[in-house]
Amino acid sequence: EKAIRGLGLKGLKLDPALQRFAIDDRDLAWPVYQACSELGVPLVMHCGLSWSLVGQAKYARPLALEEVAQEFPRLRIVIAHCGWPLVEEALLVALKYSTVYLDTSVVSSGTPADALRHVLAERIGVDVLERSLPRQVLFGSNYPRADIRRTVRGLDSLGLSPGLRQRIAGGNAEDLL
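Residues numbered from 1 in each chain as written. Predicted model: local features only at pLDDT ≥ 70, side-chain atom pairs only at ≥ 80, totals over all residues. Heavy atoms only, no water.

**Focus on helix 5 (residues 87-96)**
Part 1 of the reasoning: Every buried residue of helix 5 is listed here: Val87, Glu89, Ala90, Leu91, Val93 and Ala94.
Part 2 of the reasoning: Looking at the buried residues of helix 5, the elements they touch are helix 4 (65-71), strand 3 (77-80), strand 4 (100-103), helix 6 (112-124) and helix 7 (126-132). (Buried < 20%, exposed > 50% of the residue type's maximum accessible area, 1.4 Å probe, protein only. Helix = DSSP H or I, 4+ residues; strand = E, 2+ residues; numbered from the N terminus. Contact = heavy atoms within 4.5 Å.)

Okay, structure coming up:
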C-alpha cells in the first residue's frame, strides 16, 4: 500500500516459482490479492517455466489463477509469458475471465519471432486473438533476455489486423493502467 500510494507503484509482479508459494494459497497469497484488488492495481504473475535453477514450476501453474479470478473479480491479472509452456492453461483462464491478460514476453527457443509464432499463431491462434482476446493481450519483450526491437518485429510478422496490433502494442496496457 505504501509503495502504491506513496511511491506511485502501478502494479505488482509475483514469481511463485522463485518465491516458492502456491498461487492458490489462501493464507499466504489471498491477502496480497485482496490488497491489489482494493488498491486497483494489476497483478503480473509469472507462470510456466522458470529459467532459474532454483525456481520450481510446480508453483506456477496458470490454471491455479482460475480460483483467484473467481474470488477477486475486480483484480486484473496478467499471466506473464503466456504461461509458456503451459499455454493452454493460460489460454483457458484468459478466455473465461475478462480480467485475465496474457503478455507476449515468450522466450522459448530460437528468435523472438519464432517464439511468438509458435505460441501466439500456432498454439493460441491468431483467429482466437482477434475474436476472443483482442483486449487481453499485452506487449512484453522479456528484456534483457530478448531484444525489444526483435520482439516488435516478431509481433509484426504474425500478420495481425492493424487494430489488434495497436491494442497489443500499447492500447491494452493503457487501458489496464
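**Brief notes about the packing of aromatic side chains**
A ring pair, where both rings are aromatic, is described by two values, the distance of the centres and the angle of the planes.
Part 1 of the reasoning: As enumerated under the stated definition, the model contains three aromatic pairs in all.
Part 2 of the reasoning: Pairing Tyr33 with Phe72 gives two aromatic rings, centres 6.0 Å apart and planes at 75 degrees, and the pair type is edge-to-face. Taken together, the residues Tyr33 in helix 3 (residues 30-39) and Phe72 in the loop between helix 4 and strand 3 connect sequence positions 39 residues apart. One exposure class covers both Tyr33 and Phe72, and it is buried.
Part 3 of the reasoning: Within the aromatic cluster, the residues linked to one another by ring pairs are Trp30, Tyr33 and Phe72. (Phe/Tyr/Trp six-rings, centres within 6.5 Å; stacked < 30°, edge-to-face > 60°.)

**Focus: the environment of Ser52**
Part 1 of the reasoning: Here Ser52 lies in the loop between strand 2 (43-46) and helix 4.
Part 2 of the reasoning: Look at Ser52 and you get partly exposed, because its relative accessible area is 28%.
Part 3 of the reasoning: It is 8.8 Å that separates the C-alpha atoms of Ser52 and Ala17, two residues lying 35 residues apart in sequence.

**As for the side chain of Arg167**
Part 1 of the reasoning: Tracing the sequence through the fold places Arg167 in helix 9 (residues 162-176).
Part 2 of the reasoning: You can call Arg167 buried: its relative accessible area is 16%.
Part 3 of the reasoning: Side-chain polar atoms of Arg167 contact the side chain of Asp175, separated by 2.3 Å.
Part 4 of the reasoning: Once residues within four sequence positions are removed from consideration, Arg167 is found in contact with Pro134, Arg135, Val137, Asn172 and Asp175. (Polar contact = N/O pair within 3.5 Å; in protein donor to acceptor, adjacent residues only side chain to side chain.)

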